[in-house]
Amino acid sequence: MGDYLIPIISAAAALVIGLIVGSILRKTLAEGKIGSAEREAKRIVEASKKEADEIKKEAESRKKEVLIEAKEEILQSRNEAEREMKERRKEISNTERRLSQKEDNLDKKTEALERKNEQLDNKIKENEAEREKIKELFSIQLKRLEEVSGYTVEQAKAELIERVESEIKDELAKKMIELEEQFKEESDAKAKNIISLAIQRCAADHVAEATISVVALPNEEMKGRIIGREGRNIQKLETLTGVELIIDDTPEAITLSGFDPVRREVARLALEKLILDGRIHPARIEETVEKAKKEVEASVKQAGEKAVFEVGVHGISPDLVKLLGRLRYRTSYGQNVLQHSIEVALLSGIIADELGVDSTVARRAGLLHDIGKAFPHDVEGTHVQIGVEAARKFKESKEVIHAIEAHHNDVEPQTIIAVIVQAADAISAARPGARREDLENYIKRLQKLEEIATGFEGVDKAFAIQAGREIRVMVKPEEVNDDGMKVIAHQIAVKIKNEVKYPGQIKINLIRESRAVDYAK
């Protein structure tokens, strides 16, 4: 037992000793760690203090720099403000000096004006005194003149006015004679040109045939079908063709009214096709109008080609040929412009052959001389200007272009061809039956001409002769002298131009006859 107890006690003592030694070691290690942590904390605190001191020093340094910069800016702003103030003061000083000078000048001018006003007042008073003296002298002289002449003031004025009027009439008549001789040819040509252009370019109401077409109907019921429900059919027709349909009490007929003969022809063809077909509704109308347009275009082309072939001219541009075909639907006082152009071309060729000139060029120029009339009225310019531009565009020769330009004397003719075309144009337009006029309008025009002529003082009788192209006026010889005849003729011509529409020109022929009768006994 004793042998076992000693080892146990030894083991227990060793265990206790181990525990004590372990505890002492742990305590020592813990104290070491705490000391190390305290040292590290001290080091961090000291480093932070140093960094804070450096930041503080840097902030103080930056603060000093900012203060220095601010002081410099304030100083610079103060210097600029002072400089600006000096400049302002200088400007104000200069302004004050100028104002002072102006005030001085104004004072001087005011004084001068006052002196002038005084002088003017004095002169006005002197003038008034002189005027009174002149009035008195004039009154005295007037009384003396009346006593010497035996005329009152009113009688003298009346006689003077009568003499002046007589002298003015004589001078006017002489001047008119001179001007008439000087400008006779030129004025006649211009008058014809202006009137003919107005007729050719603008479809006026000079004759009904130039602006209307009549379409026959199989029965009166067809009028209602053409109008359609709520007028839809007639509105569609008028919109597509640009032609007005007049449906009135005329039995079994509809009138188509429009200034453009090509559009009127399209409307006529379309309406005849619709009447023949019987199916009249907006869709069918649109289709029929398109077909009619194509037919008219083909007809225009064929008419142009036929005219070129008939005249014997070749090499004309296809576009010019189409324009020639459009002339088929143009008229001037009933004369078809295409037929007129063909006639002018043939006449030009005949005259050129007689004169030994190139007849081919003459026919070509004659055929194209009125090509400007093929264009609608909304194209600006006279038909001569438009025709010249078209001929240039389609590469016509200079001779042809010049003949077109000169055929109404817009320019002076410079070639024989131009003169030939002028002559042929005049022959074609002036020959009997070339142009016509409605009978009723014709009679009214003759009556109007005679009425205008007889309305002038000193006119005895007036007669319109030669289909209204001449008026023979008989004046009273005891009331109208030879010089006064020119004045009356001119006044009649002016009034006719303003009140009467007529083709070409009208000749006013005044006749004054004095007869002396005696008997031998």
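Description of the structure in this document. All values derive from a computational prediction rather than experimental measurement.

### Describing the sheet that holds strand 6 (residues 459-465)
- Spatial strand order, 6-7-8: three strands in an open sheet with mixed pairing. Two strands in the sheet have a free side with no partner beyond their single neighbour: strand 6 and strand 8 (507-511). Across this sheet, the average inter-strand angle for adjacent strands is 20°, counted without regard to direction.
- As paired elements, strand 6 and strand 7 (residues 470-475) share six bridges and run antiparallel to each other. Bridge pairing in strand 7 links Ala464 to Ile471.
- Across the sheet, helix 14 (residues 482-499) touches strand 6, strand 7 and strand 8, and the angle it forms with strand 8 is around 150°.

### Some details on the pairing of strand 8
- Only one face of strand 8 is covered, namely the face carrying Ile508 and Leu510; the face carrying Lys507, Asn509 and Ile511 is uncovered.
- By the bridge criterion, five bridges tie strand 7 to strand 8 in an arrangement that is parallel. Across the sheet, the residue bridging to Met474 is Ile511, located in strand 8.

### Description of the pattern of salt bridges
- One pass over the structure, following the stated rule, counts 13 salt bridges.
- In this structure, Glu287 and Arg284 form a salt bridge, with 3.4 Å as the shortest nitrogen-oxygen distance. A residue pair is termed a helical-turn pair when its members lie 3 or 4 positions apart in one helix, as Glu287 and Arg284 do in helix 6 (residues 282-311) at three residues.
- Among the residues examined, Glu287 registers a relative accessible area of 38% and is labelled partly exposed.
- Take Arg284: its relative accessible area is 15%, and that puts it in the buried class.
- Its salt-bridge partner being Glu287, residue Lys291 comes within 3.6 Å of it at the nearest N-O pair. One end of the pair is Lys291 and the other is Glu287, both in helix 6 and four residues apart, which spans about a single turn.

### Let's talk about helix 10 (residues 383-393)
- Those residues of helix 10 not exposed but buried are His383, Val384, Ile386, Gly387, Val388, Ala390 and Ala391.
- Directly after helix 10, the chain includes Lys395, whose backbone phi takes a positive value near 65°.

### Topic: the packing of helix 5 (residues 261-277) against helix 6
- Two numbers describe how helix 5 lies on helix 6: the axes approach to 8 Å, and their chain directions differ by 130°. One element, helix 5, and the other, helix 6, form an angle in the oblique class. Taken as a pair, helix 5 and helix 6 cross one another with a handedness that is right-handed. Residues Val262, Glu265, Val266, Leu269, Ala270, Lys273, Leu274 and Asp277 of helix 5 pack against Arg284, Ile285, Thr288, Val289, Ala292, Lys293, Glu295 and Val296 of helix 6.
- Counted by class, the contact of helix 5 with helix 6 contains nine nonpolar, one polar and six charged residues.

Conventions we followed
- Throughout this description, residue numbers start from 1 for each chain and increase along the sequence as written.
- Only residues with pLDDT of at least 70 get local features here, since the model is predicted, and only at 80 or more are side-chain atom pairs given and counted; chain-wide, interface and lining totals rely on the full set of residues.
- Working from all heavy atoms in the structure, the side-chain values ignore hydrogens and water.
- The pairing criterion for strands is at least two bridges between them, as found by DSSP.
- Segments assigned H or I by DSSP are reported as helices when at least four residues long, segments assigned E as strands when at least two residues long, and all are numbered from the N terminus.
- Here an axis means a line fitted to C-alpha atoms, over the contact stretch when the element is a helix, while the angle between two N-to-C directions is reported on a 0 to 180 degree scale.
- Every residue pair with non-hydrogen atoms within 4.5 Å of one another is taken to be in contact.
- Accessible area is worked out with a 1.4 Å probe on protein chains only. A residue is then buried under 20% of its type maximum, exposed over 50%, and partly exposed in between.
- Salt bridge criterion: a side-chain nitrogen from Lys or Arg within 4 Å of a carboxyl oxygen from Asp or Glu.
- In this scheme, roughly parallel covers angles under 35 degrees and roughly antiparallel covers those over 145, while 65 to 115 is roughly perpendicular and the rest are oblique.
- Helix crossings fall into two classes, left-handed where the near helix is turned counterclockwise from the far one by less than a right angle and right-handed where it is turned clockwise.
- Polarity classes work like this: nonpolar for Ala, Val, Leu, Ile, Met, Phe, Trp, Tyr, Cys and Pro, charged for Asp, Glu, Lys and Arg, and polar for all others, with Gly in that last group.

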